[in-house]
Amino acid sequence: IGSILARLPANESRRDLAQEMVMSTHPGAQLAAFAARLRFEDIPAAVVRRAEDLMLDWLASALAGAAARQVLAVERFARAMGPGDGLSQVLISRRNSSPLFAAMVNAAASHVVEQDDVHNGSVFHPGTVVFPPALAAAQEAEIPGRELLAAVVAGYEVGIRVGEFLGRSHYKVFHTTGTAGALAAAAATGRILRLTEAQMGDAFGSAGTQAAGLWEFLRDGADSKQLHTAHASAAGLASAYLAREGFTGAQRILDGAQGMAAGMSDDADPARLTDRLGSRWALAETSFKYHASCRHTHPAADALQQVMRQHGLATASIERVVAHVHQGAIDVLGPVVEPRTVHQSKFSMGTVLALIALRHAASLAEFETALDDRAVAAFRDKVTMALDPEVDAAYPARWIGKVTVHTTDGRTLHGRVDEPKGDPGNTLSRAELEDKACRLAEFGGVVSKAEMASAIAAIWALAEADRVPAFFAA
């Protein structure tokens, strides 16, 4: 490469060729090329349908977060800093703004009620960092619906693979949705803007250098989780727009000597970045969240439900419960001993299992009153977590749920769920997704039932739409 470049003039064409040569030699470049080249026609119909399902799930999660204090703080910030008009819709306030600030608010809103999607293998919530920038940019560009769907698929494929690449050690300290999410947002936005392969690589470099998000906020119930998604969406979007303007980014931001893996991971695997690109559709592996809590609580919640149903077990008959979990669950849930906020309670294994035992559900309504419920607090103290070798070995590819229930009459009962509700092998039907979406929208209180029904119909018809719609009237 050096001898060839030495014969070229020191101008932009030389830089372009150098960039092309470097990009063709490493996994991050291949991933960027895939995102830039992806066409709607390349995507299997089943994957397109799944993308539509995920879009509805995301939209409803964003609407459900409309009244959350921390989301309203982000919205006030956006109003103060951003334009008061534009083509990109802020869902919770039904006003328009620039793509940057619409993406920021919509991302914060969709990650607060803990009902947005999750990809098991990467331990990553793709929807909350892919749909906000993609929708905002698509609305501004006034492009067909099929182009938005192609961009969404590109964002999922990139973000999931970056999350898998960074590995389990990364997740122990870093919130993968905030870090890998910045690149997912850049990929989705870059596809909307029709970036070249070289420009997409630049966008990845700029997004990766801004990647951030630490788990420390869980210890005191801080609001950082919503900032993680707002920042990732905005940073990825800005990186793509800057790349379009010729702004360059580090070409080896993922696996370079001072790149993301070097500073954020002990077990990064570059092969994960290009794993079966174009044949393995990681988007289709994404799970829907059935309970309104951290996904790490779901396997045990399903297993406890199973035990109680199979044995006709009354709550008063339960002396204590052991949730057998993977190390990631202990790392994330362990610091939450006595939750002090509604959002923090969703990261409390004891609270979630108490709601399952006492109210037979852990939905949004149950969490709103859980903090002040003495019965919930009493049951919470009966719950412990134990590292289980089988569960830990299967994680993150599989999230097995296992519980041991000790009863007041001396019995020891066991529950096991190999695929929690919402996983691809135990997924939600479109009817169930519509029901969930309507319940979330009603919880948020910013759209009517008729408006939500219209939005659902628009998503199901998005692939044929000549222009990405504003889903709700201003």
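Cut-offs used in this document
- Residues numbered from 1 in each chain as written.
- Predicted model: local features only at pLDDT ≥ 70, side-chain atom pairs only at ≥ 80, totals over all residues.
- Heavy atoms only, no water.
- Helix = DSSP H or I, 4+ residues; strand = E, 2+ residues; numbered from the N terminus.
- Rg over C-alpha atoms; globule rule 2.2 N^0.38 Å.
- Buried < 20%, exposed > 50% of the residue type's maximum accessible area, 1.4 Å probe, protein only.
- Contact = heavy atoms within 4.5 Å.
- Areas by Shrake-Rupley, 256 points an atom, 1.4 Å probe, with all protein chains shown as cover.
- Lys, Arg positive; Asp, Glu negative; His and termini not counted.
- Charge placed at Lys NZ, Arg CZ, Asp CG, Glu CD.
- Pairing = 2+ DSSP bridges.
- Axes fitted to C-alpha atoms, helices over the stretch in contact; angles between N-to-C directions.
- Parallel < 35°, antiparallel > 145°, perpendicular 65-115°, else oblique.
- Left-handed = near helix turned anticlockwise from the far one by under 90°.
- Nonpolar A, V, L, I, M, F, W, Y, C, P; charged D, E, K, R; others polar.
- Phe/Tyr/Trp six-rings, centres within 6.5 Å; stacked < 30°, edge-to-face > 60°.
- Salt bridge = Lys/Arg side-chain N within 4 Å of Asp/Glu carboxyl O.
- Core = buried A, V, L, I, M, F, W, Y, C linked by side-chain atoms within 4.5 Å.
- Polar contact = N/O pair within 3.5 Å; in protein donor to acceptor, adjacent residues only side chain to side chain.

Peer 1: Looking at this structure, I do not really get the overall build of the chain. What am I missing?
Peer 2: The number of helices and strands found in the chain is 21 helices and six strands. Against the compact-globule benchmark of 23 Å for 474 residues, the chain has a radius of gyration of 22 Å, which places it among compact chains. Taken over the C-alpha atoms alone, the chain extends approximately 85 × 50 × 40 Å along its principal axes. Counting only residues that meet the buried cut, the chain has 59% of its 474 residues in that class. A separation of at least 24 residues holds for 77% of the contacts in the chain among residues at least 6 apart in sequence. For the chain, the accessible area works out to roughly 17600 Å², and carbon and sulfur atoms hold 53% of it. Put simply, the chain has 45 plus and 53 minus side-chain charges, and the middle of one group is 1 Å from the middle of the other.

Peer 1: Teacher, can you tell me more about the sheet that holds strand E4 (residues 383–387) here?
Peer 2: To summarise the sheet geometry, strands pair through backbone hydrogen bonds and adopt either a parallel or an antiparallel arrangement. Spatially, four strands are ordered E4-E3-E5-E6 in an open sheet, and the strand pairing comes out mixed. The open sheet is flanked by E4 and strand E6 (412–417), the only strands paired with a single partner. The mean inter-strand angle of the sheet, taken between neighbouring strand axes irrespective of direction, is 20 degrees. Sheet topology places strand E3 (residues 318–325) next to strand E5 (residues 401–407); six bridges connect them, and they run antiparallel. Along E5, the bridge assignment pairs Val-322 with Thr-404.

Peer 1: What should I look at first to understand the packing of helix H6 (residues 99–109) against helix H7 (residues 127–141) in this one?
Peer 2: Two numbers describe how H6 lies on H7: the axes approach to 8 Å, and their chain directions differ by 150 degrees. By the angle between their axes, H6 is roughly antiparallel relative to H7. Here H6 and H7 pass one another in a crossing that is right-handed. In this structure, H6 uses Pro-99, Ala-102, Ala-103, Asn-106 and Ala-107 to contact H7, whose residues at the interface are Thr-128, Pro-132, Pro-133, Ala-136, Ala-137 and Glu-140. Considered class by class, the residues forming the contact of H6 with H7 number eight nonpolar, two polar and one charged.

Peer 1: Just checking my understanding: could you explain the packing of aromatic side chains for this structure?
Peer 2: Here a ring pair, both rings aromatic, is described through the centre-centre distance and the interplanar angle of the planes. Overall, the coordinates contain seven aromatic pairs when judged by the stated rule. With 5.6 Å between their ring centres and 20 degrees between their planes, Trp-58 and Phe-131 make a pair best called stacked. Here Phe-131 lies in helix H7 and Trp-58 lies in helix H4 (residues 45–64), a separation of 73 residues in the sequence. Accessibility classification places Trp-58 together with Phe-131 in one group, the buried group. Here the aromatic rings of Tyr-171 and Trp-215 are separated by 5.3 Å at their centres, their planes lie at 75 degrees, and the arrangement is edge-to-face. Placement of Tyr-171 in helix H8 (residues 145–173) and of Trp-215 in the loop between helix H10 (197–209) and helix H11 (224–244) is noted, with a sequence separation of 44 residues between them. No difference in accessibility class separates Tyr-171 from Trp-215, as the two residues are buried.

Peer 1: Could you clarify how one ought to interpret the pattern of salt bridges in this entry?
Peer 2: Inspection of every chain in the model, using the stated rule, returns 37 salt bridges. A salt bridge links Asp-331 to Lys-172, with the nearest nitrogen and oxygen atoms 3.1 Å apart. Highlighted residues: Asp-331 in helix H14 (residues 327–333) and Lys-172 in helix H8, separated in sequence by 159 residues. For Asp-331, a relative accessible area of 22% translates into the label partly exposed. Through salt bridges with shared partners, one network takes in Glu-164, Arg-272, Asp-275, Arg-276, Arg-280 and Glu-285.

Peer 1: Please explain the nonpolar core as it appears in this structure.
Peer 2: In globular proteins that are soluble, nonpolar side chains generally tend to be buried together. Of all hydrophobic cores here, the largest spans 152 residues; its most connected members are Leu-148, Phe-204, Leu-353 and Met-452. If you tally residues by element for this core, the top one is H8, at 14 residues. When sequence neighbours within four positions are dropped, the list of residues in contact with Met-452 reads Leu-56, Ala-60, Leu-63, Ala-437, Cys-438, Ala-441, Val-447 and Phe-472.

Peer 1: So what exactly am I meant to see when it comes to the pairing of E3 here?
Peer 2: Regular strands place their side chains on alternate faces of the sheet. With respect to burial, E3 is a largely interior element, six of its eight residues being buried. Alignment of E3 against E4, held across five bridges, turns out to be parallel. Note on E4: the bridge partner recorded for Val-322 is Thr-384.

Peer 1: In this structure, what is going on with the environment of Gly-86? I would like to understand it.
Peer 2: By the element assignment, Gly-86 lies in the loop between helix H5 (69–81) and strand E1 (88–90). Since its relative accessible area comes to 35%, Gly-86 is described here as partly exposed. With twelve residues separating them along the chain, Gly-86 and Ser-98 place their C-alpha atoms 5.4 Å apart. Leaving out residues up to four positions away in the same chain, Gly-86 has contacts with Asn-96 and Ser-97.

Peer 1: How should the side chain of Glu-75 be read in this particular structure?
Peer 2: Tracing the backbone shows Glu-75 in helix H5. Glu-75 gets classed as buried once you look at its relative accessible area, which sits at 5%. A distance of 2.8 Å separates the side chain of Glu-75 from the side chain of Arg-95, its partner in a polar contact. Beyond its immediate sequence surroundings of up to four residues, Glu-75 is in contact with Val-90, Ile-92, Ser-93, Arg-95 and Val-105.

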